[in-house]
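Each chain, written out:
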Amino acid sequence: MYRTHNCGELRISHVGQEVTLSGWVQISRDLGGLTFVDLRDRYGITQIVFNMDDDETLCLQARKLGREFVVRVKGAVAERSNKNPNRSTGDIEIEASSLEILNASNVPPFTIENETDGGDDLRMKYRYLDIRREPVRDNLVFRSQLAIATRSHLASQGFIEVETPVLIKSTPEGARDFVVPSRMNPGQFYALPQSPQTFKQILMVGGLDKYFQIVKCFRDEDLRADRQPEFTQIDCEMSFVTRDEVLDTFEGLTKNLFKSLLNVDLPDFPKMSYDEAMERYGSDKPDTRFGMEFCDISQLAKGHGFSVFDDAEYIVGICAKGAADKYSNKDIKKLTEWMQRPQIGAKGVVNIKYQEDGSVKSSIGKFYDDETLMAWKEHFNAASNDLILILCGEKEKTQKQMNELRLEMGRQLGLMDPTVFNPLWVVDFPLLEWDEDSNRFHAMHHPFTSPKKADQERMLNGDHETMKALRADAYDLVINGVEIGGGSIRIHDRALQSRNFDLLGFTKEEAEEQFGFLLGAFEYGAPPHGGIAFGFDRLCAVMKGQNSIRDFIAFPKNNQGRDMMIDSPSRIDTIQMEELYLNSTAPNGEE
Ligand code: ASP
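Computed from a predicted structure; not experimentally measured.

Caption draft 1: Expanded view of the overall build of the protein. In terms of regular secondary structure, the protein is built from 18 helices and 22 strands. By principal-axis analysis of the C-alpha atoms, the protein measures approximately 90 × 80 × 50 Å. As displayed, the protein has an accessible area near 29,100 Å², and 48% of this comes from carbon and sulfur atoms. A distance of 3 Å separates the average location of the 70 positive side-chain charges in the protein from that of its 94 negative side-chain charges.

Here you go:
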């Protein structure tokens, strides 16, 4: 028998029992007469003590144990004189009577403790060692529990889990596809799904009514901390539903997951239109844990001879409560430089300080007298010692910049309480986005998203400008400024779908070639339907208050999209290349 107990379960009540434990040597400390070994497994760490007086050979053997050796130890559970309250097994230790090395280990390249000295790439190369660390292991356990809770909740609501294929053709989520060459069909390629979008809609035509899947999706995009080329979605679709029924169902799922995993009772989720979110926060995924909402002063600020404002399309300010005396001129200069970095590209930041003594100080004091600036105080809903920060310029750009400034101020002033979860539905997104570069519309969500009922007529008959104002029955779930997921009510009407493809610049032939199977299915009685997908990795990270999804993925890829452990992507040999017609001429003569 390798073990009678695991390394996390022995307590004071076990004192006196003979036990056998197996695990990894976290550390071995030689204190002369005594040698202490911390033995670790998935469940915890137990202290083993070897006593020179009891068994010299055994003790000498224990001294030679290296980090990460795999051992089996037998001994008696004893109460510790020097208890460790930070460890669940901290009241006891094992007085060893035998020790067996099951496997030796090289010296690990980084410390396998909660705080490690290993850099990202090193940790990923030796991911099996990283996974032995408690924080990574806990994240994987959490992920597993979240998946199980998701399945059980959705099953209780009548959803059925269906697996959709991985070797498919291009899906329209707007990123690049990963492709797989087909040996049996020379010169042809499968694409990996960016999402199961078309399949889940077809399942609705198939009458399955409520579908879900916890599913891998693949998008060939540039990577960031919260992106991975392969990631997981909780993907769902429902038939005969209105928008609000979809939102209620997934609000229910989210509340259930927070309750069962974190014991957090989420409040009802407010709904905010995309337009309102942009006006109030300059973002379609606002962090609503703190206020500091946008205050449009375009009308107020013009006409005082300050040409920067006079010439601007849009002038907007935020009010940082109680920050006036916290920000010296030097701090504001630093903030301005941060805003002027090319990633953000602001020209400058105007500030007004409403001081404790009732006076006002501002970087635009030359153009606006104190009386005028004091009059703005009310507009900003400002009090003494509040700091106002103002940006101006072209509206959309300035909103984005102000969003960055607001978030940075939220961080600097500690307003993003990690123990608070603020969910929000953002609804009524624009249906189409005009892209100046390619001179065409893009679907803001995807090409199967339905316009709102009230906009359908205008979509079929309106002119170009009308198209820019169409609203979609699309929605996102945002928690603490992170987009957890999104979805929409779909078009199930052939005429509307054709019109959408037209607007998106598909010719009839292209639409037919790419999506003919779906359009064909729609000819056979497609029910009204809609759905949503949550980013599963992101949901894990947000629930655990972490920024990176990487630590919730057992084997993640690095910023270059590489798996450092298996060293992939990699070259394949010539024979394989030839079999796939990749560097030779395909039999039909095409390159
Ligand atoms: N397929 C969509 C996505 O991946 C979600 C949906 O519309 O249901 O974002």
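Caption draft 2: Structural view of the sheet that holds strand β3 (residues 44-51). A barrel is described by the order of its strands in space; here 5 strands give the closed sequence β1-β2-β3-β5-β4, paired in mixed fashion. Strand after strand, the sheet turns through a mean of 55° between neighbouring axes, direction not considered. Across 6 bridges, strand β1 (residues 18-30) lies against strand β2 (residues 34-41) in antiparallel orientation. Paired with W24 across the strands is R40, a residue of β2. Where helix α1 (residues 56-63) meets the sheet, its contacts fall on β1, β2, β3 and β5 (92-103), and the angle it forms with β5 comes to roughly 70°.

Caption draft 3: Local environment of the packing of aromatic side chains. Scanning the entire structure with this criterion turns up 17 aromatic pairs. Considering the side-chain rings of F506 and F515, the 5.9 Å spacing of their centres and the 70° angle between planes classify their relative orientation as edge-to-face. Each member of the pair, F506 as well as F515, carries the same accessibility label: buried. Taken together, the ring pairs in this structure connect F306, F309, F367, Y368 and W376 into an aromatic cluster.

Caption draft 4: Local environment of a negative patch on the surface. On the surface, a cluster of negative charge is contributed by E313, E394, E396 and E433. With respect to the element layout, E433 can be found in strand β18 (residues 432-435).

Caption draft 5: Local environment of the pattern of salt bridges. Under the criterion given, the structure shown has 46 salt bridges. Residue D38 is joined to R87 by a salt bridge in which the shortest nitrogen-to-oxygen separation is 3.2 Å. Residue D38 is located in strand β2, and its partner R87 is located in the loop between β4 (70-79) and β5; the two are separated by 49 residues in the primary sequence. Residue classification places D38 among the buried residues on the basis of a relative accessible area of 6%.

Caption draft 6: Spatial organisation of a nonpolar patch on the surface. On the surface, V179, F189, I572 and L582 cluster together into a nonpolar patch covering about 340 Å² of accessible area. Take L582: it is sitting in the segment after α18 (574-579). Overall, L582 belongs to the partly exposed group, its relative accessible area being 37%.

Caption draft 7: Representation of the environment of A382 in the model. Relative to the elements of secondary structure, A382 occurs in the loop between α11 (370-379) and β16 (386-393). Sequence-wise, A382 and Y354 are 28 residues apart; in three dimensions their C-alpha atoms are separated by 7.9 Å. If we skip the residues at most four places from it in the chain, A382 touches C319, K321, Y354, K377 and I388.

Caption draft 8: Here's a closer look at the site of the ligand. In the vicinity of the ligand lie 14 residues, with E173, Q197, K200, H445 and R490 positioned nearest. Between the ligand and R219 there is a distance of 3.0 Å, counted from an oxygen atom to a side-chain nitrogen or oxygen. Within the side chain of Q233, an N or O atom sits 2.9 Å from an oxygen atom of the ligand. Coverage of the ligand by the protein chains reaches 93% of its 270 Å² of free accessible surface. Listing elements by their share of the shell around the ligand, those giving two or more residues are α5 (197-205), β21 (482-489) and β22 (529-535). Here the residues of the shell around the ligand sort into 2 nonpolar, 8 polar and 4 charged.

Criteria and thresholds
- Residues numbered from 1 in each chain as written.
- Predicted model: local features only at pLDDT ≥ 70, side-chain atom pairs only at ≥ 80, totals over all residues.
- Heavy atoms only, no water.
- Helix = DSSP H or I, 4+ residues; strand = E, 2+ residues; numbered from the N terminus.
- Areas by Shrake-Rupley, 256 points an atom, 1.4 Å probe, with all protein chains shown as cover.
- Lys, Arg positive; Asp, Glu negative; His and termini not counted.
- Charge placed at Lys NZ, Arg CZ, Asp CG, Glu CD.
- Pairing = 2+ DSSP bridges.
- Axes fitted to C-alpha atoms, helices over the stretch in contact; angles between N-to-C directions.
- Contact = heavy atoms within 4.5 Å.
- Phe/Tyr/Trp six-rings, centres within 6.5 Å; stacked < 30°, edge-to-face > 60°.
- Buried < 20%, exposed > 50% of the residue type's maximum accessible area, 1.4 Å probe, protein only.
- Patch = residues over 30% accessible without salt bridge, like charges linked within 9 Å, V, L, I, M, F, W, Y side chains within 5 Å.
- Salt bridge = Lys/Arg side-chain N within 4 Å of Asp/Glu carboxyl O.
- Near = heavy atom within 4 Å.
- Polar contact = N/O pair within 3.5 Å; in protein donor to acceptor, adjacent residues only side chain to side chain.
- Nonpolar A, V, L, I, M, F, W, Y, C, P; charged D, E, K, R; others polar.

This is a description of form; function is not addressed.
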